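For reference, the chains in residue letters:
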Amino acid sequence: MTRWLPLTVLVLWAGAALLGPLLPLEPSRVTLDALLQGPSPGLWLGADELGRPVLDRLVAGARISFLVAVSVVVLSGVTGTLLGATAAYLGGRVDSTLGRIVDVFLAFPGILLAIALSALLGPGVFNLVVALSLVGWVGYARLARAQVLSIRQRDHVLAAEALGAGRARIIFRHLIPLAVAPLLVEATFGVAAVIVAEAGLSFLGLGAQPPTASWGSMIREGSRYMLVAPHLVIAPGTAILLVVLAVNLTGDRLQDRFGRRMVRAGS
């Protein structure tokens, strides 16, 4: 039963993100009579400082979290994989240049660099995605480079080169497919990292702007009322905890499964 809990949490998260706009929710509805009201039958998770339903805003925040996580992982994953695989296969100056660029990015803490880029680009969801993607591609590039370096001398790659296959064909048909498994595991953990980063940047006011709801901004707004309305922080904080935990557990299972397959393939 417990093995299905992470998948259940992820399905609920994705369902809230994708189906939320179709539900009769009013995350921006102000009800003055419900200011800071606690959970009740009419307001299952209570209301915030403006009387807005916390449950509706939690569902709306799930959409922001999901869209940012998927967008950043796809953009940074594709970019980093292409750059890393290409540099590893071509070698020489291309590989050394990419290595120096990666070293420059790794010289700065990722979250601090994301904050600096977000502040430079300005607040907003689109700029947040751009900033996190500019930071996140480095890990995929390093992993793709390492994987390609370990398989570039395999027989099928050498045979394709002997038959006159072009560099692009070799990279896309013979190298990247063999490096997909560890990259998928990296992408899974990347989703969890992006969720936390998005919440942190939104907490600082660099993400979704009011009245759009996001989990990070909900925690920022609710932190001022911790003593009188702790549900304002507990609800989005619990949502972040459950989703990140579910994503990490899923990544661990994928890592174990792909690891066993690689061991069997090598034996």
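Residues numbered from 1 in each chain as written. Predicted model: local features only at pLDDT ≥ 70, side-chain atom pairs only at ≥ 80, totals over all residues. Heavy atoms only, no water.

**A look at the overall build of the protein**
Logical step 1: Within the protein one finds 10 helices and 0 strands.
Logical step 2: Written out in order from the N terminus, the α and β elements of the protein read α-α-α-α-α-α-α-α-α-α.
Logical step 3: Referenced to the eigenvectors of the C-alpha coordinate spread, the extents of the protein come out at roughly 75 × 45 × 30 Å.
Logical step 4: When burial is assessed residue by residue, the protein has 43% of its 267 residues classed as buried.
Logical step 5: Counted over contacts in the protein with a minimum sequence separation of 6, partners at least 24 positions apart contribute 71%.
Logical step 6: One finds the centroid of the 21 positive side-chain charges in the protein at a distance of 11 Å from the centroid of its 14 negative side-chain charges. (Helix = DSSP H or I, 4+ residues; strand = E, 2+ residues; numbered from the N terminus. Buried < 20%, exposed > 50% of the residue type's maximum accessible area, 1.4 Å probe, protein only. Contact = heavy atoms within 4.5 Å. Lys, Arg positive; Asp, Glu negative; His and termini not counted. Charge placed at Lys NZ, Arg CZ, Asp CG, Glu CD.)

**Looking at the layout of surface pockets**
Logical step 1: Looking at the largest pocket, its volume works out to about 430 Å³.
Logical step 2: Around the largest pocket, the lining comprises 23 residues; the ones closest to its centre are Gly110, Leu132, Val135, Gly136 and Ala193.
Logical step 3: Mapped onto the lining of the largest pocket, the elements with two or more residues apiece are helix H2 (54–90), helix H3 (92–106), helix H4 (110–121), helix H5 (125–151) and helix H8 (180–203).
Logical step 4: Tallied by class, residues from the lining of the largest pocket come to 17 nonpolar, 5 polar and 1 charged. (1 Å grid on protein atoms, 1.4 Å probe; cavity = no way out; pocket = protein on both sides within 12 Å on 5 of 7 lines; lining within 4 Å. Points joined across faces, edges and corners; volume = space filled by probe spheres on them. Nonpolar A, V, L, I, M, F, W, Y, C, P; charged D, E, K, R; others polar.)

**Points about H5**
Logical step 1: Compared with an ideal rise of 1.5 Å per residue, which puts 27 residues at 39 Å, H5 spans 38 Å between its outermost C-alpha atoms and is within 8% of the ideal.
Logical step 2: Taken as a whole, H5 carries its principal kink of about 30° at leucine 134. (Expected span 1.5 Å × (residues − 1). Bend = angle between axes of the 7 residues up to and from the residue.)

**Description of the packing of H2 against H8**
Logical step 1: H8 packs onto H2 with a crossing angle of 135° between their chain directions and a minimal axis gap of 9 Å. The angle between H2 and H8 places the two elements in the oblique class. Relative to H8, H2 is oriented so that their crossing is right-handed. Between H2, through Ile64, Ser65, Val68, Ala69, Val72, Val73 and Thr81, and H8, the contact on the second element is made entirely by Leu183, Ala187, Gly190, Val191, Val194, Ile195 and Glu198.
Logical step 2: Residues that form the contact of H2 with H8 fall into these classes: 10 nonpolar, 3 polar and 1 charged. (Axes fitted to C-alpha atoms, helices over the stretch in contact; angles between N-to-C directions. Parallel < 35°, antiparallel > 145°, perpendicular 65-115°, else oblique. Left-handed = near helix turned anticlockwise from the far one by under 90°.)

**Focus: the packing of aromatic side chains**
Logical step 1: The tally for this structure, following the rule as stated, stands at 2 aromatic pairs.
Logical step 2: Measuring from centroid to centroid gives 5.1 Å for tryptophan 13 and phenylalanine 66, while their planes differ by 75°, and the two rings are edge-to-face. Taken together, the positions of tryptophan 13 in helix H1 (residues 5–19) and phenylalanine 66 in helix H2 put the pair 53 residues apart, joining distant regions of the chain.
Logical step 3: Relative accessible area serves as the criterion here: at 8%, tryptophan 13 is assigned to the buried category.
Logical step 4: Classification of phenylalanine 66 by relative accessible area gives buried; the value is 16%.
Logical step 5: Ring geometry for phenylalanine 105 against tryptophan 137: centres 5.4 Å apart, planes inclined by 75°, an arrangement best described as edge-to-face. Taken together, the positions of phenylalanine 105 in helix H3 and tryptophan 137 in helix H5 put the pair 32 residues apart, joining distant regions of the chain.
Logical step 6: Residue classification places tryptophan 137 among the buried positions, given a relative accessible area of 8%. (Phe/Tyr/Trp six-rings, centres within 6.5 Å; stacked < 30°, edge-to-face > 60°.)

**Description of empty space enclosed by the protein**
Logical step 1: Under the defined criterion, the tally for this structure stands at 1 cavity of 30 Å³ or more.
Logical step 2: There is about 70 Å³ of room inside the largest cavity.
Logical step 3: Together, Asp48, Glu49, Val54, Arg57, Met218, Glu221, Gly222 and Leu232 line the largest cavity.
Logical step 4: The set of elements that each furnish at least two residues to the lining of the largest cavity consists of H2 and helix H9 (215–222).
Logical step 5: Tallying contributions element by element places H9 first for the lining of the largest cavity, with 3 residues.
Logical step 6: For the lining of the largest cavity, the residue count by class is 3 nonpolar, 1 polar and 4 charged.

**Some thoughts on the packing of H2 against helix H7 (residues 167–175)**
Logical step 1: Two elements in contact, H2 and H7, have axes separated by 11 Å at closest approach and are oriented at 115°. For the crossing formed where H2 meets H7, the hand is right-handed. The segment H2 lies against H7, with Leu82, Ala85, Thr86, Tyr89 and Leu90 engaging Arg167, Ile170, Ile171, Phe172 and Leu175.
Logical step 2: Split into classes, the residues belonging to the contact of H2 with H7 amount to 8 nonpolar, 1 polar and 1 charged.

Note that every value here comes from positions in space, so none of it alone points to a role or purpose.
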